[in-house]
There are 4 protein chains.
Amino acid sequence: MDRDALASRYRRVRARTLELCAPLTIEDQQVQAIADASPTKWHLAHTTWFFEELVLGELAFDPSFRTLFNSYYECFGRRVERARRGLASRPPLARVHEYRSDVDRRVARALETGALDPGALARLELGLHHEQQHQELILSDVLTVLAAQPEPPVYRARAAEPVREPARLAFHVFGGGIVRIGARDDGFAFDNERPRFDAMVRPFAIATRPIANADVLAFIADGGYREPRWWLADGWDTVVRESWRAPLYWRDDGTLYELGGVHAIDPAETACHLSYYEADAIARWLGARLPTELEWEIAAGGGDATRGHFADDGRLHPAPAPAPESSVLGGELAQLFGDVWEWTASSYAPYPGFRALPGALGEYNGKFMSGQQVLRGGSCLTPRGHVRATYRNFFPPPARWQMTGARIAKDGER
Amino acid sequence: MDRDALASRYRRVRARTLELCAPLTIEDQQVQAIADASPTKWHLAHTTWFFEELVLGELAFDPSFRTLFNSYYECFGRRVERARRGLASRPPLARVHEYRSDVDRRVARALETGALDPGALARLELGLHHEQQHQELILSDVLTVLAAQPEPPVYRARAAEPVREPARLAFHVFGGGIVRIGARDDGFAFDNERPRFDAMVRPFAIATRPIANADVLAFIADGGYREPRWWLADGWDTVVRESWRAPLYWRDDGTLYELGGVHAIDPAETACHLSYYEADAIARWLGARLPTELEWEIAAGGGDATRGHFADDGRLHPAPAPAPESSVLGGELAQLFGDVWEWTASSYAPYPGFRALPGALGEYNGKFMSGQQVLRGGSCLTPRGHVRATYRNFFPPPARWQMTGARIAKDGER
Amino acid sequence: MDRDALASRYRRVRARTLELCAPLTIEDQQVQAIADASPTKWHLAHTTWFFEELVLGELAFDPSFRTLFNSYYECFGRRVERARRGLASRPPLARVHEYRSDVDRRVARALETGALDPGALARLELGLHHEQQHQELILSDVLTVLAAQPEPPVYRARAAEPVREPARLAFHVFGGGIVRIGARDDGFAFDNERPRFDAMVRPFAIATRPIANADVLAFIADGGYREPRWWLADGWDTVVRESWRAPLYWRDDGTLYELGGVHAIDPAETACHLSYYEADAIARWLGARLPTELEWEIAAGGGDATRGHFADDGRLHPAPAPAPESSVLGGELAQLFGDVWEWTASSYAPYPGFRALPGALGEYNGKFMSGQQVLRGGSCLTPRGHVRATYRNFFPPPARWQMTGARIAKDGER
Amino acid sequence: MDRDALASRYRRVRARTLELCAPLTIEDQQVQAIADASPTKWHLAHTTWFFEELVLGELAFDPSFRTLFNSYYECFGRRVERARRGLASRPPLARVHEYRSDVDRRVARALETGALDPGALARLELGLHHEQQHQELILSDVLTVLAAQPEPPVYRARAAEPVREPARLAFHVFGGGIVRIGARDDGFAFDNERPRFDAMVRPFAIATRPIANADVLAFIADGGYREPRWWLADGWDTVVRESWRAPLYWRDDGTLYELGGVHAIDPAETACHLSYYEADAIARWLGARLPTELEWEIAAGGGDATRGHFADDGRLHPAPAPAPESSVLGGELAQLFGDVWEWTASSYAPYPGFRALPGALGEYNGKFMSGQQVLRGGSCLTPRGHVRATYRNFFPPPARWQMTGARIAKDGER
């Protein structure tokens, strides 16, 4: 990417982050409602610190920000414990905005003057992808804050839609064989998408749409949340311990809360805020299983990852599944990108021959390769253009506060 | 008190609360740093709710505030759990200020128009004392927030003072006998200060000044925090479990943090942020004990409770103890009021014949009469004029975030 | 007490402890079901260690027993954490029996040969009272073990009794005045019962029988466990957190479990396994309060503390309250000693002029004087002859596994 | 297997379990020292219940044993919570021995009379493998009990050995390609070893011996337990939270505790009681990684799984690594079977086309397929003959109380 294009993209991405905060009060941006989520203010500062530390290489604005706004890089020393981020009333939000402006000016100047070497430019590009990841986190984390209010407010209103049924579940069959997996060497990709490698995959069938609320409602109606046989052992323990009876943000009165406010649960809507345990249990109850990440990548192979329902569209909640008369019944794969991150049956592990990035960035991905499952495809909270067919997201099995759903699969004929 | 005087006092107390918030950012007023403390924004709203609910008798501004800003009155139904007050980003601070103005207008009008019956007027007076209690809590709770910042800021600067030694500990002897304890029937007092009753007290001696930092430093130097024999069993468990090695807010480098910033530990300064366990252990190490609340009240008997170092003075930290050449060596009792709340050996229990207030206010005091110790005398965070010789404050033995210290006592000659 | 009498009493007390274990399996004596309770094996060894350490003064059998079987004496150094006593499979029970025999032989020889000085003899007498305290703990702690079995066994069978109603609650009035409280200087008493002192007490009335199951059943029927207004704040928190709906060991089917097995809840039976919170709440619901320990001691003044229902009787569960036509309606005080320990409104604190015992025994009582309430009168698990009118037992307010009940009181006429 | 052979094998396996308990006291067999481990008494009963429930099909001895001794089969209803198994003092051990004898008689008779259909015979065979798994658990769980004693006793003494260095780490290279993985259809294997499938594997090199204490000592000496860069993020969190500084059972004085007693840490000994996190970190520090389970199975392919150091040998602790002059330097693979379970980089997941066993046995393996890592090869606590090259054991990454170690691997040349 040339420097002008990079400068322009930098401005767009950074401006977009601020747009996301416009509906929020200062107080909304301060609160940390659950230990896994971070305050908006922290996201605003952390993404900025990333550029200052890793691109500019000098903490000129306030050296204490290394301690305050480092997320998890052990190589930079002591930092504020994650669960205590919400306690940092200082610096106030206004000061964080000054910080963003200052770093933006310095990055712009560095780009103009050619002060950045190729390594720094690569880290700048990485920083933009990193900020896009945090744009999604801002939305999912703000949802935890707003949902914690006794009367959860509307973040962005959306028009009511007629409630309807989704198309029934249909499958598309793939033949298996030796396939090439992972990102090519050219173009941007995270380290965890490489190296590209060959794998042998057996024939499989994959659902032409993700699980919809109608499927979850049927699972609930059949006593799914009270019946251990559908669940992994760890999942069942969690169901009992946390008293799960429905996906996160579902309410007892047939409504759910999302950034658009409280709405009736629409059977047609793509199901979201499912943990891996729930996705796996519902798949088993449907007589199916979750796809491996290789199967998912094969299925998504030729697709256009910029098409789909992303955060740039007005609605910050998954789109409805295809209608009952839809082409998915003929085997067309719908909603692969956007709407919901789709849990896969694959634990998050290095690809054969994986090498972490050099230096501090070596901590970016590799050290999380235990205890997590891979998710694919992006969501309605993801910025359009951020994901690829090879993109690997990951969260622990019990996580539900992300925009997560699932698509089921089956073994194919041999 | 006539209505004009009450109206004038109402305006002064309410304005004072806002003055205390002036040095704080919006974010400072949102954060709840420990479960025992509340956000400033909550204090601002709760004290206002008290007037609206118990004086005006109508939640006209926003009925949901009963749930949000009720502290502990079970009789008003469901409320936000104490430890989750810091999660309420909504309503924002600006809306709470509107709430205060609205209620202030309605109270002023009600006073003008004579709409308040004697019961309501009595509850209005109680509400002012209640708001003064929360003025002290605002300061102690804000201290927990500011102290949680990686670089704790100055709330209100104070001039540096020469460091010196305190007067040595001297005692004043009281003869014992049958004494009258508790508040007279006239004048304002909380229900827990009544009824007045006769008690028999043995001769005792009480220290002419509270414990000073010099005493704590000597205790530490003698290994006091490592030696179980000075401690109550529950206290020693706490020392070990919480790794206590000094009073709260003391730092390893010989400084302490207070609302005036970080300062060298001054031996002459009255010791503060002591738990009951520490106060009791230091007393034992000094060959003494803590006074009972009856002894304390006898000792304070004739004193003027408006003289002393209170929050209206510039400094929000205890004053130094009397100087080495001071009159306390002759037996004069110094610093009985203001500076620090003094832990007593008395558990918080009803006086003989105690009757709780009628209605909702019955929950004001009586239900806390287990598991707490009585403290006496007010502190440098208390508004001047708020305390009396008969005033009974109470906190659980491990509490350290309040402005708490102690004065030692001994059995007298018989 | 002369040495022969002491030797004889030593043999009797020690033999009685072993008798209590006869119905138990080796495994029953190993298990620690709750952190507050200890395994029977530990009690057997600990009481023996007390004699070896504090009377014989030499750990000749196995020096490691100081670490294993010291209860809470910090002065003897490191010890096994209380909650981990049940993990000590070694030494096995058989070895603990050898230990008991060995120490018994050495104590007998020391008594015969006159090797014990007066201090050691006094500690021997204290050791016997100490062992009696542990006899009661063995029974209450074993009950926690047996109750934890899926099918709780019978420890000692008792005959079924006809179910009936208790006498209605009546009161006896005492006039108040200056009274003498505490144990005389002669005869055995624990340090916490001294020194004897004068106190001023107001007129009061005290119930002629303890709370019976009929009273608890009525409290439950009136929704007492769901209504916060009857409860202290800490009590209500406990009710909610622990989901209390009845006294400990009550079952949903109208039965309760005790050492005699599962029985129908008898309205006439004296209520037991009540926490302080429950005792206080039921008293308030009855329009009364708990007595102070001074009031209790006055009421029990002239009574014979060896009469009553103690553990030496066959039944290890409280006796029924007096019958409806009983003399308690005329004001006679029934069941003051034995049956249940009666919670008082007094927190456990030192008497005026209290001095702890010298040396290690200084840790016996004084260091527990915070966070506990005084109980009076002994119980059906206490050995007959162990208690006195001045005897002060103490437990924390939430404790329910002891044989605890209550007797209500009221202010008297002035 | 014919019925006589099965009967004979049944007798041998069942007798072996009792032999393992011979050195233990009744109390040792009652205690549960950590929530993950079970009391020996419970193992003795649970393995017996498995035969009674799943082979005989009738709970004739005591129907309550279904609740008491079911491990995790949800389909059989309510059961005692795992962490509370140590509280069950009833039934006593003697009764569990009667239960074993009773079931053994009934199984013997059923075999003699031909009362068992082929399905029951298959479940009988499974029951024997199941009991062998519990033989290993008895040893690892007893180790947690004995290690919890203030003076950990010797379970079975072993001769002291000269301390020496292990052979240096050498590697054997495998070429990769398409390989067949999993158990053949004939012969016994657990469901999780099937179906057999083809996989593509890249060239790799695998160490010719497992990690030895010498390697761990070097890691420690290099500050490995204090340096986050070697660790997975979850691993580092665990190191900090649990204060890990060495493998489990290592002591500060250069010794370790094992079933043979306390011994000097021998550098030559195969390292054991490593968590997955430690195995992974040490591998990374050694410039290597852990093998996948496919790589491990390829490497072990032609080996004889009955050769190696198993629990039938005298020593219940891993054997020393090959000596410095050993043939492993030439590439021979040593200690693949026995000594220590070797952690692999593979999370525990179903093989392609996996089908769980029918009925209750469907809960045997499949429901644990999340959050665990695969281990291979058996250990010195495993009965000889129990493992195969295709055998898949699994534990969560932080588990250390099992006999777990690791063998490192590297990518091969392409």
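Computed from a prediction, not measured in an experiment: that's the story for all the values here. (Residues numbered from 1 in each chain as written. Chains lettered and ligands numbered in written order. Predicted model: local features only at pLDDT ≥ 70, side-chain atom pairs only at ≥ 80, totals over all residues. Heavy atoms only, no water.)

## Things to note about the domain arrangement of chain A
Note: interface size is frequently given as the accessible area lost on complex formation between the parts.
Residue and element names in this part refer to chain A.
Moving on, step 1. Here the domain parsing of chain A yields domain 1 (3–147) and domain 2 (171–411).
Moving on, step 2. Between domain 1 and domain 2, the C-alpha centre-to-centre distance is 27 Å.
Moving on, step 3. With 29 residues of domain 1 in contact, the opposing surface of domain 2 contributes 29 residues.
Moving on, step 4. Buried surface at the junction of domain 1 and domain 2, both sides included, amounts to about 2,500 Å², of which 66% is carbon and sulfur.
Moving on, step 5. Here domain 1 is connected to domain 2 by zero salt bridges.
Moving on, step 6. Inspection of the region where domain 1 meets domain 2 yields 13 residue pairs in polar contact (both at pLDDT 80 or more).
Moving on, step 7. Mapped by element, the contributors of at least two residues to the side of domain 1 that touches domain 2 are helix H2 (40–56) and helix H5 (118–147).
Moving on, step 8. With 18 residues, H5 is the single largest residue contributor to the side of domain 1 that touches domain 2. (Domains from an automatic or database assignment. Contact = heavy atoms within 4.5 Å. Buried area = accessible area lost by both parts, 1.4 Å probe. Salt bridge = Lys/Arg side-chain N within 4 Å of Asp/Glu carboxyl O. Polar contact = N/O pair within 3.5 Å; in protein donor to acceptor, adjacent residues only side chain to side chain. Helix = DSSP H or I, 4+ residues; strand = E, 2+ residues; numbered from the N terminus.)

## With respect to the interface of chain A and chain D
Moving on, step 1. Listed by partner, the interface residues are 24 residues for chain A and 24 residues for chain D.
Moving on, step 2. Summed over both sides, the interface between chain A and chain D buries roughly 1,900 Å², with carbon and sulfur atoms accounting for 58% of that surface.
Moving on, step 3. The largest per-residue losses of area from chain A upon contact with chain D belong to Met 200, Arg 202 and Ser 370 of chain A, which jointly make up 25% of the total buried on that side.
Moving on, step 4. For the pair chain A and chain D, the interface holds zero salt bridges.

## Describing the packing of helix H2 (residues 40–56) of chain D against helix H5 (residues 118–147) of chain D
Residues and elements named next belong to chain D.
Moving on, step 1. The interhelical angle for the contact between H2 and H5, taken along N-to-C directions, is 170°, at an axis separation of 10 Å. When the interaxial angle is binned, H2 and H5 end up roughly antiparallel.
Moving on, step 2. Its residues placed into classes, the contact of H2 with H5 shows twelve nonpolar, seven polar and three charged. (Axes fitted to C-alpha atoms, helices over the stretch in contact; angles between N-to-C directions. Parallel < 35°, antiparallel > 145°, perpendicular 65-115°, else oblique. Nonpolar A, V, L, I, M, F, W, Y, C, P; charged D, E, K, R; others polar.)

## Examining the nonpolar core
Moving on, step 1. If you look at the biggest cluster of nonpolar residues, it comprises 101 residues, and the most contacted ones within it are Leu 124, Tyr 155, Trp 231, Leu 259 and Phe 337 of chain C.
Moving on, step 2. By residue number, the principal contributor to this core is helix H5 (residues 118–147) of chain C, which donates ten residues. (Core = buried A, V, L, I, M, F, W, Y, C linked by side-chain atoms within 4.5 Å. Buried < 20%, exposed > 50% of the residue type's maximum accessible area, 1.4 Å probe, protein only.)

## Here's the deal with the pairing of strand S4 (residues 204–207) of chain D
Residues and elements named next belong to chain D.
Moving on, step 1. Neither face of S4 is exposed, since Phe 204 and Ile 206 on one face and Ala 205 and Ala 207 on the opposite face are all buried.
Moving on, step 2. One ladder, built from four bridges, connects strand S1 (residues 171–174) with S4; its direction is antiparallel. Within S4, the residue paired with Phe 171 across the bridge is Ala 207.
Moving on, step 3. Note that S4 and strand S11 (residues 409–411) share three bridges and pair antiparallel. Residue pairing across strands places Ile 206 opposite Ala 409, the latter belonging to S11. (Pairing = 2+ DSSP bridges.)

## Examining the interface of chain B and chain A
Moving on, step 1. At the interface, 28 residues of chain B touch 28 residues of chain A.
Moving on, step 2. Where chain B touches chain A, the interface holds two salt bridges.
Moving on, step 3. A salt bridge links Arg 90 of chain A to Asp 28 of chain B; the nearest nitrogen and oxygen atoms lie 2.6 Å apart.
Moving on, step 4. The interface formed by chain B and chain A includes twelve residue pairs in polar contact (both at pLDDT 80 or more).
Moving on, step 5. Across the side of chain B that touches chain A, the residue classes tally to 15 nonpolar, seven polar and six charged.

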